[in-house]
Amino acid sequence: MTCSAVKQMNNLLSLLGDYTFQVVAVGSCALGIISGISGSFATLRQQSLLGDSISHSALAGVAIAFILTGSKTTEVLLIGAGIVGLIATYLITQLSRFSKANFESVMAVVMSSFFGLGLMLLTYIQHLPNANQAGLNRFLFGQAATMLSTDVLLILIVAVLIILTVCLFFKEFKLFVFDRDFASDLGLPTGLLNFILSTMVVLTVILGIQSVGVVLMSALLISPAIAARQWTHHLSSLIGLAAILGGISGLGGTLISSSITNFPTGPAIVLIISLILIVSLLIAPGRGIIWQRQQLHRAKLNVAADMILLHLLEVHKSTFSAADFAAIHASQAPLYSMDQLVKNLQERHSIEKQESLFIVQESAIQELSGHLKKEEPDNA
Amino acid sequence: MNEKNAIIVEDLTVAYSLKPVLWDIDVTMRKGKLTAILGPNGAGKSTLIKAILGLIKPVSGSVRFNFDHTGSDWHKEVAYVPQSGSVDWDFPATVKDVVLMGRYSHIGWFKRPSKHDIDLAMHTLDLVGMADFSSRQISQLSGGQQQRVFLARSLVQEAEIYIMDEPLKGVDKQTEKIVIDLLKSMRDQGKSVIVVHHDLATVKDYFDDVVMINVEHVASGTVSSVFTEKNIDLTFQRHSYDLLSGEANE
């Protein structure tokens, strides 16, 4: 190890041992966990962007709370953020219901207006006599290091409440999100369930902006759930995995940003979860893009091999030599080499090699016989 | 209660804006019968059953149920099978998960499905010919298979009245046979089955009673007496009726 690498390791270790860092890391980790949980339900309900509108609008709430009370304590600012976030959401739902503009346009307009207002107010605050607006700026991109142990305690309490709620009402939430009408028909209190799930998202966003900031909060809300969805098709595992991925990102992001002076935590956290997300989208078996490409190639190869086998069956019946194969392969001129095709057929147990001949297996004959035309259909 | 009507609809009117979707509907549906609700597109058939189920608030009118079990919570005795398009099929759930959802009102809060619930779910899946698919992701099902899963989900509710929105629309022949045989055996067990149906050609073979509507009530009763050429014409024609004079417009 080089000298500077050793120094970095030491820095890291001393960081990990530092009590302040530990407190802050626990807070961010817990935030990541509840983001994963709340985000799972938000994305399944197709409400991914609502979290974004709450968080962007919250900036104005933070600024207004400071202007009105002069207090920079977290509780006051977050209450302001929450109130304005809820007002914005209410505006969005009402405006889109009663005007001709569609939901997404209304959401974009309201969200950016409140956010713009928030930025304006932050600048105004900067010019106030008792300024120290740097304190409020942390809500833009998040700074976990500014979290006090009381803030982290609040986060942990909310996290426990959310986890308990989801465990208790798991099957009701599952049904409600999957098929609201049916849930209502069974007599479930759909209004209450809706309220609880929405409150979870609001709480998560408002608490989360301390660590991730208003601009990037929605990324932490939805990315863990989307990534988790790639790996499982059970709701319980999805929520669990999303929580774990969110927690890892929260922890890792805090580690990175604490090692570099003045580096906001939000981008660091989101960087980690975005990497996780991209990898999940690419390589997850069953849903990953790369996996799907491989399946397609496999399917094409299978079809090409089957077609050649069909020809061989018709001409040579169930036994043929390599030369027979080569002859037909030449005339078909497919995109694959003879070796590829033979290997494919052997792997799928369609043919077996016995000395110098290939024997077509019963199972393959059965499968392919459906393709042998028995009668000529009527044609125009 | 020994009334022979399972559902009684009186003066039901549903309107979203100035144009009514359902107008002054008076109709009764008999217990223990297979009833078809017929009408052209936009006639209000789906609206009618949604209003019966309380999913839509009417402008006026009322809906009453008669159950064999007195004092029943009506949610437990009425099962609804919607059109399968209304659901997100990429939701992470297996066929068995979805069918078990039908048992939630029996299971109650905070508890998990019991062995009896799971056995019933598997047995019902077998009835609809989907037992082999119980662990399969619902996103991998065909349209007909989705419909059968929804049917199984409603069967495990063990309800008295079943209301279904076009269960046979766009399904393959095999599914259609399975479903209609199942509906008939449910009727034979004394359940009341009400179906919004789209295919006039099969009404005589499948159903006991019909309700024919086109925004207004046109005719209802047994298939033999009411499913006539004239009534079909009246229901499906593009006539509108002048509300004041009662005469047909063109």
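Cut-off values and rules
- Residues numbered from 1 in each chain as written.
- Chains lettered and ligands numbered in written order.
- Predicted model: local features only at pLDDT ≥ 70, side-chain atom pairs only at ≥ 80, totals over all residues.
- Heavy atoms only, no water.
- Salt bridge = Lys/Arg side-chain N within 4 Å of Asp/Glu carboxyl O.
- Helix = DSSP H or I, 4+ residues; strand = E, 2+ residues; numbered from the N terminus.
- Buried < 20%, exposed > 50% of the residue type's maximum accessible area, 1.4 Å probe, protein only.
- Pairing = 2+ DSSP bridges.
- Axes fitted to C-alpha atoms, helices over the stretch in contact; angles between N-to-C directions.
- Parallel < 35°, antiparallel > 145°, perpendicular 65-115°, else oblique.
- Contact = heavy atoms within 4.5 Å.
- Nonpolar A, V, L, I, M, F, W, Y, C, P; charged D, E, K, R; others polar.
- Patch = residues over 30% accessible without salt bridge, like charges linked within 9 Å, V, L, I, M, F, W, Y side chains within 5 Å.
- Areas by Shrake-Rupley, 256 points an atom, 1.4 Å probe, with all protein chains shown as cover.
- Phe/Tyr/Trp six-rings, centres within 6.5 Å; stacked < 30°, edge-to-face > 60°.
- Lys NZ or Arg CZ within 6 Å of the ring centre and 35° of its normal.
- Buried area = accessible area lost by both parts, 1.4 Å probe.
- Polar contact = N/O pair within 3.5 Å; in protein donor to acceptor, adjacent residues only side chain to side chain.
- Domains from an automatic or database assignment.

Caption draft 1: Up close: the pattern of salt bridges. Scanning the entire structure with this criterion turns up 14 salt bridges over all chains. In this structure, the salt-bridge partner of Asp97(B) is Lys174(A), at a minimum N-O distance of 3.7 Å. In this pair, Asp97(B) is assigned in helix H3 (residues 95–101) and Lys174(A) in helix H8 (residues 170–178), connecting two distinct chains. For the pair Asp97(B) and Lys174(A), a shared accessibility class is recorded, and that class is buried.

Caption draft 2: Inspection of the sheet that holds strand E1 (residues 319–321) of chain A at higher detail. Residues and elements named next belong to chain A. The strand order across the open sheet formed by 3 strands is E1-E3-E2, and the pairing between neighbours is antiparallel. Of all strands in the sheet, those bounded by a partner on one side alone are E1 and strand E2 (351–354). Strand-to-strand twist across the sheet, computed as the mean angle between neighbouring axes with direction ignored, equals 30 degrees. In this sheet, strand E3 (residues 357–360) lies alongside E1 in antiparallel orientation, the contact comprising 3 bridges. Following the sheet pairing, Thr319 is matched in E3 by Ile359.

Caption draft 3: The packing of helix H14 (residues 289–316) of chain A against helix H17 (residues 362–369) of chain A, seen in detail. Residues and elements named next belong to chain A. At a minimum axis separation of 11 Å, H14 and H17 run at an interaxial angle of 95 degrees. The pairing of H14 with H17 is recorded here as roughly perpendicular in orientation. In this structure, H14 uses Asp306, Leu309, Leu310 and Leu313 to contact H17, whose residues at the interface are Ala364, Ile365 and Leu368. For the contact of H14 with H17, the per-class residue count stands at 6 nonpolar, no polar and 1 charged.

Caption draft 4: Representation of a nonpolar patch on the surface within the structure. Residue and element names in this part refer to chain A. Together, Trp231, Ile278, Val279, Leu282, Ile283, Ile289 and Ile290 make up a nonpolar patch on the protein surface, roughly 610 Å² of accessible area in all. Within the residue set of the nonpolar patch, elements represented by two or more residues are helix H13 (265–283) and H14. With 4 residues, the top contributor of residues to the nonpolar patch is H13. Mapped onto the secondary structure, Trp231 falls in the loop between helix H11 (217–229) and helix H12 (235–259). Under the relative-accessibility criterion, Trp231 is labelled partly exposed at 41%.

Caption draft 5: Layout of the packing of aromatic side chains. The final tally for this structure, using the stated rule, is 12 aromatic pairs over all chains. A centroid spacing of 6.4 Å and a plane angle of 85 degrees characterise the contact between Phe178(A) and Trp89(B), whose relative ring orientation is edge-to-face. Of this pair, Phe178(A) sits in helix H8 while Trp89(B) sits in the loop between strand E5 (78–81) and H3, which puts the two residues in different chains. Taken together, a centroid distance of 5.7 Å and an interplanar angle of 35 degrees make the contact between Phe320(A) and Phe358(A) tilted. With Phe320(A) in strand E1 and Phe358(A) in strand E3, this pair connects stretches of sequence that are 38 residues apart. Taking the relative accessible area as the measure of exposure, Phe320(A) reaches 0% and is therefore buried. The class of Phe358(A) is buried, set by a relative accessible area of 4%. Aromatic rings pair up to connect Phe41(A), Phe169(A), Phe173(A), Trp109(B) and Phe110(B) into one cluster. Lys171(A) extends its terminal NZ or CZ atom over the ring of Tyr104(B), reaching a point 5.8 Å from the ring centre. Here Arg153(B) stacks its cationic end above the ring of Phe182(A), 3.5 Å away from the centre of that ring.

Caption draft 6: Seen up close, the interface of chain A and chain B. Contacts between the two partners involve 25 residues from chain A and, on the opposite side, 31 residues from chain B. For the pair chain A and chain B, the two sides together bury roughly 2,600 Å², of which 65% comes from carbon and sulfur. Considering only the side of chain A, the residues that lose the most area to chain B are Lys171(A), Phe178(A) and Asp185(A), jointly responsible for 30% of the buried surface there. Applying the counting criterion to the chain A and chain B interface returns 4 salt bridges. Connecting chain A to chain B are 9 residue pairs in polar contact (both at pLDDT 80 or more). For the side of chain A that touches chain B, the secondary-structure elements that each account for two or more residues are H8, helix H9 (180–185) and H12 of chain A. Element by element, the count of residues in the side of chain A that touches chain B is highest for H8(A), at 6 residues. Taken together, the residues of the side of chain A that touches chain B sort by class into 12 nonpolar, 5 polar and 8 charged.

Caption draft 7: Summary view of the domain arrangement of chain B. Residue and element names in this part refer to chain B. We note that the domain assignment places domain 1 (1–68 + 160–250) and domain 2 (87–158) within chain B. If you look at the interface, domain 1 gives 14 residues, while domain 2 gives 10 residues. Carbon and sulfur atoms supply 68% of the area buried between domain 1 and domain 2, which totals about 970 Å² over both sides. Three residues stand out in domain 1 for area buried against domain 2, namely Tyr162, Ile178 and Leu182, and they jointly supply 45% of the buried area on that side. For the pair domain 1 and domain 2, the interface holds 0 salt bridges. Taken together, the links from domain 1 to domain 2 amount to 3 residue pairs in polar contact (both at pLDDT 80 or more). Elements that contribute at least two residues to the side of domain 1 that touches domain 2 include exactly strand E6 (161–165) and helix H7 (173–188). In terms of residues, the side of domain 1 that touches domain 2 owes the most to one element, H7, which gives 7 residues. Per-class residue counts for the side of domain 1 that touches domain 2 are 9 nonpolar, 2 polar and 3 charged.

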